[in-house]
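# Observations on the model geometry
The primary structure of each chain is shown beneath.
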Amino acid sequence: MPQALLDASAIYIEEGNMSDYDNETNNKEVLGNESRRKFMGTTAVATLAGAGMVMGLASCKKDDQTTTASGDSSHGTSAGEHEVPPGKLDSYYSFSSAGHNGEVRIYGIPSGRVLKRIPVFNMDCMVGWGITNESKAILGTNADGSVKYTTGDTHHVHGSYTDGTYNSKYLWTNDKLNNRIARIRMDRMECDAITELPNVQGFHGIFPDKRDPVDASINYTTRVFCGSEFASPQPNDGRDTSDPTKWYSLFTCVDAESMQVRWQVRINGNCDLVATSYDGKLAATNQYNTENGAVLADMMSAERDACVFFNIERIEAAITAGKSFTVGDSKVPVVDGTIDSNKDPKTALVCYVPVPKNPHGVNISPDGKYFVSSGKLSPTATVIATELVHKWFAGEVKAERDTVVAEPEIGLGPLHTGFDGKGNAFTTLFLDSQIVKWNVDAAIAQFKGDKTAKPVLDRIDVHYQPGHGYTSMGETKEADGKFFNSGNKFSKDRFLPVGPLHVETEQLIDISGDKMRLIHDHTAYPEPHDAIIVRADVVKTRQVSDMNDFPNAVKTFEENRIERKGNKVMVYMTSQAPNFGLPEIKVRRGDELTITLTNHDKVEDLTHGFGIENYDVNFIVNPQETHSVTFKADKAGMFWIYCTHFCHALHLEMRMRFIVEA
Ligand code: CUK
Ligand code: CUA
Ligand code: CA
């Protein structure tokens with residue numbers, strides 16, 4: 001191991017001293033399996049500095065596995081109580097990112113059943129995403145009509161709010177790879193807008209305002225905040241490529257309705273994940289690289305990094321007052337949020353609160369009072385009081401660090417925190433492979449010096465290495481304390497092996513009682529990160545579209561026709577089970593075709609597909625929908641066009657001919 005990494009590990013040992021940790025918690029029953037913990041303790045050092053997370057897994061003792069394989073024996077399971085039998089519906093939706101698959105997924109909770117995969121930054125031939133003209137217009141195209149980016153990396157999904165809870169209008173998700181934000185309209189559960197963020201790399205965290213609509217007192221319209229994780233040359237046009245001192249990150253605000261980028265803030269260090277306050281006045285991001293390091297050892301050199309708070313009102317006032325600049329070709333106004341330019345709290349746009357060490361995750365409690373950022377390389381969670389951040393901006397709190405009201409030791413590798421709405425927090429412990437339940441008030445009392453306060457209430461083993469954890473309605477003021485989902489990064493022995501890459505596990509935990517109880521594992525195709533769990537009654541979808549919502553609809557059967565302008569051929573067609581509106585399309589080789597297809601069926605779920613043999617054309621039209629494709633007829637011959645989606649007893653007979661004359 002390189003010396004720098006060993007040094008970094010040594011720093012960690014001092015911070016996360018295991019014996020201190022055990023004494024402090026002083027509560028054997030909540031520590032779980034002792035030998036397992038010792039094992040994790042000793043491997044943790046190596047784990048943090050390199051490939052150790054894999055080492056930790058590979059050397060897990062078999063007997064530990066057998067005690068945990070069917071759930072944690074000291075906790076029991078509550079699987080039966082939460083069974084969703086045939087014919088019954090789930091009580092919650094989970095909207096989940098899909099990582100480098102680029103899509104968003106919907107699961108039913110508590111069953112864990114996959115209900116839908118929404119293509120966003122990827123291509124999807126079931127739907128025709130990336131194939132139809134309508135989806136290409138959203139994805140963005142090159143001059144030749146090809147899709148600009150065909151891949152993406154979604155990490156976070158968050159829903160739109162009205163006054164602190166979900167309004168079932170939109171979901172937003174990030175693309176860390178090509179730095180785009182996407183919006184999904186929830187009535188159709190389809191992506192309807194994608195915007196590229198200028199001058200950022202590693203767009204990771206995302207969170208919308210929690211208040212909507214306009215609150216006149218703070219000139220309020222809904223925004224979505226985006227954190228960029230990687231600093232880069234500005235503008236990134238070939239300058240300063242070898243001089244990291246010139247690189248910086250931007251925090252970005254996007255308008256929820258227009259999906260235009262409204263403003264950006266230049267910061268020190270990096271952004272990572274994002275959270276917003278319930279009063280609509282603050283956005284927060286955690287920073288693991290305040291060092292501005294370009295290599296791992298440098299990124300781990302500081303004892304503390306930061307949780308950064310943005311004063312939205314002041315930023316927007318600064319922009320209105322013209323105190324902004326632009327970067328490169330972008331017209332987006334940028335304000336200066338660097339430490340040196342924000343020394344006076346009374347005018348500062350940004351507050352940098354020191355947090356140990358390479359923190360991961362920032363989440364706000366459902367009562368809006370506390371932001372929690374986990375230590376990752378410190379076994380602590382840092383609790384920052386919203387009220388004290390406001391007071392810091394008012395000049396009434398002396399140091400940034402004085403906004404911290406608790407820093408309980410909770411376990412190794414803490415990442416993300418969910419809340420039950422009853423004052424308890426649930427944090428994923430990546431290295432311990434556990435979820436820890438801790439009480440926020442007890443942590444605050446302990447921080448104030450109360451030696452009898454015991455913040456940690458319970459621990460449960462998860463299988464294995466959890467990343468995100470989230471609770472039912474936990475990111476709203478309606479947090480209901482029913483379920484916690486642990487998004488595990490490794491599944492190893494939990495499912496049948498399927499080759500080198502295992503499926504991931506999501507483990508659903510009942511958090512309604514004092515002790516957490518594992519309900520079940522469900523699989524997730526790699527690699528999910530974050531999700532939200534939304535009460536089913538909140539979500540309102542439409543099963544049958546309105547034909548008038550599609551401007552290019554072929555509204556009557558009389559409109560079935562083929563029009564030609566030079567070598568451009570426009571085909572207007574209907575479908576109604578089990579028929580397409582035309583028996584054949586005849587063109588000449590070299591013609592450019594645009595086929596527009598409207599599905600006249602009104603029956604729920606009566607979808608038709610449209611596929612052309614050997615032409616790589618494949619999309620669907622749901623009831624009353626219209627989609628179109630444009631392609632070149634570059635092969636002569638007769639090619640069957642057929643319905644790809646089983647729609648009718650005569651589905652196989654639902655076909656027509658595509659004739660290309662040489
Ligand atoms: S990051 Cu994935 S486990 Cu992208 Cu939300 Cu923490
Ligand atoms: Cu129409 Cu199958
Ligand atoms: Ca750091």
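Reading the values: the criteria
Residues numbered from 1 in each chain as written. Chains lettered and ligands numbered in written order. Predicted model: local features only at pLDDT ≥ 70, side-chain atom pairs only at ≥ 80, totals over all residues. Heavy atoms only, no water. Pairing = 2+ DSSP bridges. Helix = DSSP H or I, 4+ residues; strand = E, 2+ residues; numbered from the N terminus. Axes fitted to C-alpha atoms, helices over the stretch in contact; angles between N-to-C directions. Contact = heavy atoms within 4.5 Å. Near = heavy atom within 4 Å. Nonpolar A, V, L, I, M, F, W, Y, C, P; charged D, E, K, R; others polar. Buried < 20%, exposed > 50% of the residue type's maximum accessible area, 1.4 Å probe, protein only. Arc of directions from axis to C-beta. Phe/Tyr/Trp six-rings, centres within 6.5 Å; stacked < 30°, edge-to-face > 60°. Lys NZ or Arg CZ within 6 Å of the ring centre and 35° of its normal. Core = buried A, V, L, I, M, F, W, Y, C linked by side-chain atoms within 4.5 Å. pLDDT = per-residue confidence, 0-100. Lys, Arg positive; Asp, Glu negative; His and termini not counted. Salt bridge = Lys/Arg side-chain N within 4 Å of Asp/Glu carboxyl O. Polar contact = N/O pair within 3.5 Å; in protein donor to acceptor, adjacent residues only side chain to side chain. Disulfide = S-S within 2.5 Å. Donors = N, O, S within 2.8 Å, 3.2 Å for Na, K, Ca; no water.

So, on to the sheet that holds strand E19 (residues 381-385). As summarised here, the arrangement of the 4 strands in space is E17-E18-E19-E20, forming an open sheet in which the pairing is antiparallel. Of all strands in the sheet, those with a lone pairing partner are strand E17 (360-364) and strand E20 (404-406), marking the two edges. Each strand of the sheet is rotated relative to its neighbour by a mean of 30°, with strand direction disregarded. Note that E19 and E20 share 2 bridges and pair antiparallel. Within E20, the position partnered with Val 383 by the bridge is Ala 406. The sheet contacts of helix H10 (residues 386-393) involve E17, strand E18 (370-374), E19 and E20, and relative to E19 the element is tilted by about 60°. Helix H11 (residues 440-447) rests against E18, E19 and E20 of the sheet, and its axis sits at about 105° to E20.

Before going further, it helps to spend a moment on the site of ligand 1. The local shell around ligand 1 consists of His 155, His 156, His 204, Leu 273, His 360, His 416, Gly 467, His 468, Lys 489 and His 529. The class makeup of the residues in the shell around ligand 1 is 1 nonpolar, 8 polar and 1 charged.

Before going further, it helps to spend a moment on helix H9 (residues 312-320). Those residues of H9 that fall on the buried side of the exposure criterion are Ile 312, Ile 315, Glu 316, Ala 318 and Ile 319. The arc enclosing the buried residues of H9, seen along the axis, measures out at 155°, which places them on a common side. Remark: Gly 322 follows H9 within two positions and exhibits a positive phi of approximately 80°.

This part is about the packing of aromatic side chains. Following the criterion strictly, the structure yields 18 aromatic pairs and no others. When the centroid spacing of 6.0 Å and the interplanar angle of 10° are considered together, the rings of Phe 225 and Phe 251 count as stacked. With Phe 225 in strand E9 (residues 223-230) and Phe 251 in strand E10 (residues 249-255), this pair connects stretches of sequence that are 26 residues apart. When sorted by exposure, Phe 225 lands in the same class as Phe 251, which is buried. By the ring-pair criterion, three or more aromatic residues cluster together here, those being Phe 225, Phe 251, Trp 263 and Phe 310. The ring of Tyr 464 has Lys 492 sitting right over it, with the charged end atom 5.6 Å from the ring centre. Over the ring of Tyr 615 we find Lys 635; its NZ or CZ atom is 4.6 Å from the centre of that ring.

What follows is about the nonpolar core. Within the largest apolar cluster, 53 residues are counted, with the highest numbers of intra-cluster contacts made by Phe 95, Phe 251, Trp 263, Val 265 and Phe 310. Look past the residues within four positions of Phe 310 in its chain and what remains in contact with it is Phe 251, Val 265, Ile 267, Lys 281, Leu 282, Ala 283, Thr 285, Ile 315, Leu 349 and Val 350. Within the second largest apolar cluster, 30 residues are counted, among which are Leu 606, Phe 619, Ala 633 and Phe 639.

The share of residues in the protein chain with pLDDT of 70 or more is 87%, and the mean pLDDT across the chain is 89. Under a pLDDT of 50 for its full length, residues 1-70 has, in the predicted model, 106 contacts with residues more than four places off or in other chains.

Relative to the elements of secondary structure, Asp 153 occurs in the loop between helix H7 (133-139) and strand E4 (157-162). Buried charge Asp 153 goes without a salt bridge, the closest partner of opposite sign being Lys 176 at 5.7 Å. A distance of 3.1 Å separates the side chain of Asp 153 from the backbone nitrogen of His 100, its partner in a polar contact. Residues within four places of Asp 153 in sequence aside, it is in contact with Gly 99, His 100, Gly 102, Asn 174, Asp 175, Lys 176 and Leu 177.

Quick look at the state of the cysteines now. Counted by the stated rule, this structure contains 0 disulfides. Looking at Cys 253, it has no disulfide partner, and the nearest cysteine sulfur is the one in Cys 226, 7.8 Å off.

It is worth spelling out the coordination of the calcium ion (ligand 3) at this point. Protein-derived ligands of the calcium ion (ligand 3) are Tyr 288 (O), Glu 291 (OE), Glu 291 (OE), Met 299 (O), Asp 305 (OD), Asp 305 (OD) and Asn 358 (OD1), with the metal-ligand distances lying across 2.2 to 2.7 Å. Every donor residue of the calcium ion (ligand 3) comes from the same chain, spaced as Y-x2-E-x7-M-x5-D-x52-N. A residue pair is termed long-range when its members are at least 10 positions apart, and Glu 291 in the loop between strand E13 (282-287) and helix H8 (296-299) and Asn 358 in the loop between strand E16 (350-356) and E17 qualify at 67 residues. Residue Glu 291 is classed as partly exposed on the basis of its relative accessible area, which comes to 21%.

The next thing to look at is unusual backbone geometry. Following His 463, the chain continues into Tyr 464 via a peptide bond in cis, with omega recorded as -5°. By the secondary structure assignment, Tyr 464 is in the loop between strand E24 (456-461) and strand E25 (466-471). Look at the link from Pro 526 to Glu 527: it is a cis peptide, with omega at -5°. The topology assignment puts Glu 527 in the loop between strand E28 (517-524) and strand E29 (531-535). The residue Asn 199 is not glycine, and still its phi comes out positive at about 60°. Structurally, Asn 199 can be placed in the loop between strand E7 (190-196) and strand E8 (201-208).

Take the sheet that holds strand E33 (residues 584-588) next. The strands that make up a sheet pair up through hydrogen bonds in the backbone, lying either parallel or antiparallel. Strand order across the open sheet formed by 5 strands is E33-E39-E38-E35-E36, with mixed pairing between neighbours. If you trace the sheet from one side to the other, it starts and ends with E33 and strand E36 (617-621), each paired once. Strand-to-strand, the axes of this sheet are offset by a mean angle of 15°, without reference to chain direction.

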